Structure formats: C-alpha cells, structure tokens
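Given next are the chains, with one letter for each unit.
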Amino acid sequence: MEYVGVKTPQFSYKRLKGADPVANVEMASTGEVANIGENYLSAFFASWLSTEQSVRGKRLLVSVSGEKRIKLLETLRKLDEQGWDLHATEGTHDFLAKHGVGSISVYKVGEKYEPNIGTLLAQGKIDLIINIPRGASLKNTAGYKIRRLAIDHHIPLITNLQLAQVFLQCLAEIDPGDLLIQPLSSWRNLS
C-alpha cells in the first residue's frame, strides 16, 4: 500500500477525578480516531491531533527516569536546537546537561522553591508534558502529581516511552500546518 493508517484511543481522564492518567492493558478507551497518511509519522500525528489535543507552543516538560532518558535524547536535542523551551525535573535536567542539551531545571510539585512544576502548570507556562512512570504508579509520587495536574489543567500528556519517542519525532520533523487533510475517498483510489 502507498499509505499508512493509525488509530489513536481516547481516554476520559478528565472525568475520572483523582485517577492516575496512565493507560494500562486492562483499560478500555472511550473512543478512537483513525487517520491515514503518506507515512507513519504524518498518519500518527494527524491521528493524535484528531483527538482534540494540540501543542499550543514550544514549552515542554520532561520527567523521565534512568535508562529511559537515553531513548529520548537525540529527539530532545533536535527540539532544543529548534528553539523549544525544555523544562526538566532534577534528574532529567542533569542527564540532559551532561549530554549537551539545554533545559531549565524545575522543582517538584509542592516544593516551596521556584520554578515549581505546579506553578508553571497553573500559569499555563507548559504546552506538553512527557512523564514516563518508573513502574507501578502510586498516588503520592511526584510523577502522579505531575500527571494529575496535566489532566486538570488540560495540558497534553504522554506517559508511554514508545509513544513519546514517536511524538517527539513528529514535533521535530512535522509542521502541523503541512498535514494534508483529505476525505477517505481520495485514499481509496491509491490501493
């Protein structure tokens, strides 16, 4: 085939007060959006955008643990070079700095120092959050608080490493304005 189809699930975290917004295998989505594109990245990005989410600006918060950071490094480097404002929790910030990627270190939710993640989110100073949990999520962790605040403040949130890798690549390589929107009938003629 000369095209790729991607289906993106939607979850109702906004309606589930207090729920940790991390999709698990036993969860059922409340809806899905499917899109077709000329390649995987364009189909994926169009599908994600069709879930009524958007990244309003170029301010990204990254909080990723240990060995998972290396898998996002090169794409975060590209975004840094493209002028994105990367904010990171202490460990992620130190990792990025060690590898020559600029970021602003932020304090965890509830700490009395600034810049504090809770303050930044409340003031609308973050446009996208990448927060990959270490393992089983617990409600009193810093990660849970970040994820919950993201949902409560309607800020797009990515909690899966593979999804984060593809999504950050889309941000680095695709201008949403360049995505071609066509009716399904135009794709049928290609097969």
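Residues numbered from 1 in each chain as written. Predicted model: local features only at pLDDT ≥ 70, side-chain atom pairs only at ≥ 80, totals over all residues. Heavy atoms only, no water.

## Side note on the pattern of salt bridges
In total, this model carries five salt bridges according to the counting rule given. Between Arg-59 and Asp-127 there is a salt bridge, with its nearest N and O atoms 2.9 Å apart. Note that Arg-59 is positioned in strand 3 (residues 59-64) and Asp-127 in the loop between helix 4 (117-122) and strand 6 (128-132), a separation of 68 residues in sequence. Judged by relative accessible area, Arg-59 falls into the partly exposed class, the value being 27%. (Salt bridge = Lys/Arg side-chain N within 4 Å of Asp/Glu carboxyl O. Helix = DSSP H or I, 4+ residues; strand = E, 2+ residues; numbered from the N terminus. Buried < 20%, exposed > 50% of the residue type's maximum accessible area, 1.4 Å probe, protein only.)

## Digging into unusual backbone geometry
Here the bond from Glu-114 into Pro-115 is cis, since omega is 5°, no more than 30 degrees from zero. Position of Pro-115 relative to the elements: it lies in the loop between strand 5 (104-105) and helix 4. A positive phi angle, close to 60°, is found at His-154, a residue other than glycine. Considering the arrangement of structural elements, one finds His-154 in the loop between helix 5 (142-152) and strand 7 (157-158).

## Quick look at the confidence of the model for the protein chain
Residues with a pLDDT of 70 or more make up 82% of the protein chain, whose mean pLDDT is 85. Every residue in residues 24-28 scores below 50 in pLDDT, and together they form four contacts with partners more than four places removed in sequence or on other chains. (pLDDT = per-residue confidence, 0-100. Contact = heavy atoms within 4.5 Å.)

## Looking at the sheet that holds strand 6
Across the sheet, five strands lie side by side as 5-4-3-6-7; this open sheet has parallel pairing. The outermost strands of the open sheet, each flanked by one partner alone, are strand 5 and strand 7. The pairing of strand 6 with strand 7 spans two bridges and is parallel. Its bridge partner being in strand 7, Ile-130 is matched across the sheet by Ile-158. Contacts from helix 3 (residues 90-98) reach strand 3, strand 4 (85-88) and strand 5, with the element oriented near 130° to strand 4. (Pairing = 2+ DSSP bridges. Axes fitted to C-alpha atoms, helices over the stretch in contact; angles between N-to-C directions.)

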